[in-house]
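Structure at a glance
One letter stands for each residue in the lines below.
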Amino acid sequence: MTTSMICASHSPLLYCHAREPDDWEELQAAFAERGQAAREFNADLVIAFGADHFNGFFLKLMPAFCIGLKATAVGDIGGFEGRLDVPSDFATRLIEFVREHDIDPAVSTDMTIDHAFSQTINNMLGGLDVKPVVPVFINAIAEPFVPFRRTRLLGEAIGRYAARSGKRVLFLASGGMSHNPRRYYPELGEGSPEITAWQLSGGDDPASLSHAQYLTLLEEMHHEGAEMIVRGERTAADMKLNAEADERFLDVFCGNRLEEFDGWDPRALVDEAGIGSMELHTWIAAAAAHRAAGGSAPVRDFYSVAPELGIACGIVHAD
């Protein structure tokens, strides 16, 4: 059995930026190189770790982890609409295995995902349904935060099952690095009443936006935000783009010292590197899975602080 791993940042502003960052060509080349490597690896199965931006998971019921038996991507800004080809039998056996090993993910028979999954799946695989994909959701936006240790243990259990499967498995992680998109996804109670109602209920509350209204609002706000960045009205500091925090993470991550993350305080990282840094849970899960399946240590492909994209962008792989 062979596994491979790719971790990559995502951002709606990759598709609606008002100005390209200085290293745009290098970034695009790094994405293209990883996508080509993923296609050459030719996995039998992809296990994709991602988060959500209040499109499929809401505060009325926010699991720490959830594995989908079926999944459909909404057409949010920066995302790709369509259905994943989820092998439900494999996903069910995976859930049973990780539960037998003391990790208790929720189960979704009809998961809704957004760009936190679909952007990286589409760009690395060439489409949403090119390969069988099992989506593994990790809460990276809402308190109480998931301890990094639990995410590592989830990844290790998934990796052990993948190693038993006899399949070529690509572990794909989407998100991070430092960024703070609270302008679009405010803390509970800090947005407008209709946004708060949406975050809580997903449209069940009569005071809430509809899903269509929410998607339209996000598209308008991201285009507006891109222009604000160019005008200097939103700075790297405003967005908590933090190269020092990211380099500290990459040192531990690429050193394959994943247990060190067990002692990291999620709240402290959010204070330092923004709420978007919680998406690095997906990287930890993917790396833990790959290591447990016998894979090698992660290798950095690209890193840049890119205010024009609203993120500090990283791409890492392991074979």
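Counting its regular elements, the chain contains nine helices and 11 strands. Expressed along its principal axes, the backbone C-alpha trace of the chain runs to roughly 50 × 45 × 35 Å. As presented, the chain carries roughly 12100 Å² of accessible surface, and 47% of it is formed by carbon and sulfur atoms. For the chain, the centre of its 26 positive side-chain charges and the centre of its 47 negative side-chain charges are spaced 7 Å apart.

Here we come to helix α9 (residues 280-292). Between its first and last C-alpha atoms α9 spans 18 Å; for 13 residues at 1.5 Å apiece the expected length is 18 Å, and the two agree. Of all the 13 residues making up α9, 11 are buried; the element is thus mostly covered by neighbouring parts of the structure. Positive backbone phi, approximately 100°, marks Gly294, located one or two places after α9.

Looking now at the sheet that holds strand β3 (residues 65-68). One open sheet holds the eight strands; their spatial order is β6-β3-β8-β2-β9-β1-β11-β10, and the pairing between them is mixed. Edge positions in the open sheet fall to β6 (106-108) and β10 (299-306), since each of these has one partner strand only. Adjacent strand axes in the sheet meet at a mean angle of 15° when their direction is disregarded. Note: strand β1 (residues 3-8) against strand β11 (residues 311-318), four bridges, orientation antiparallel. Residue pairing in the sheet places Cys7 in a bridge with Val316 of β11. In this fold helix α1 (residues 24-41) packs onto β1, β9 (169-174), β10 and β11, with an angle of close to 30° to the strand it touches most, β11. Lying over the sheet, helix α7 (residues 243-254) contacts β1, β10 and β11, oriented at roughly 170° with respect to β10.

Further remarks concern the packing of aromatic side chains. This model, assessed by the stated rule, comprises 13 aromatic pairs. Here a set of aromatic residues connected by ring pairs shows up, and it is made of Phe249, Phe253, Phe261, Trp264 and Trp283. The lysine or arginine in question, Arg168, covers the ring of Phe41, its NZ or CZ lying 4.2 Å from the ring centre. Stacked on the ring of Trp264, the Lys or Arg Arg248 has its end atom at 5.7 Å from the ring centre.

The next point concerns the state of the cysteines. On inspection of all chains with the given rule, the structure shows zero disulfides. Cys16 carries a free sulfur, and the closest cysteine sulfur to it, the one in Cys313, is 15 Å from it. For Cys16, a relative accessible area of 7% translates into the label buried. A disulfide-free cysteine, Cys313 has its sulfur positioned 12 Å from the sulfur of Cys7, the nearest such atom.

A few words on the sheet that holds strand β5 (residues 82-83). In spatial order, the strands read β5-β4-β7; together these three strands make up an open sheet with mixed pairing. Each of the sheet's edge strands pairs with one partner strand only, and the pair in question is β5 and β7 (111-113). Pairing geometry for strand β4 (residues 71-73) and β5, over two bridges, is antiparallel. Within β5, the residue paired with Thr72 across the bridge is Arg83.

Rules and cut-offs
- Residues numbered from 1 in each chain as written.
- Predicted model: local features only at pLDDT ≥ 70, side-chain atom pairs only at ≥ 80, totals over all residues.
- Heavy atoms only, no water.
- Helix = DSSP H or I, 4+ residues; strand = E, 2+ residues; numbered from the N terminus.
- Areas by Shrake-Rupley, 256 points an atom, 1.4 Å probe, with all protein chains shown as cover.
- Lys, Arg positive; Asp, Glu negative; His and termini not counted.
- Charge placed at Lys NZ, Arg CZ, Asp CG, Glu CD.
- Expected span 1.5 Å × (residues − 1).
- Buried < 20%, exposed > 50% of the residue type's maximum accessible area, 1.4 Å probe, protein only.
- Pairing = 2+ DSSP bridges.
- Axes fitted to C-alpha atoms, helices over the stretch in contact; angles between N-to-C directions.
- Contact = heavy atoms within 4.5 Å.
- Phe/Tyr/Trp six-rings, centres within 6.5 Å; stacked < 30°, edge-to-face > 60°.
- Lys NZ or Arg CZ within 6 Å of the ring centre and 35° of its normal.
- Disulfide = S-S within 2.5 Å.

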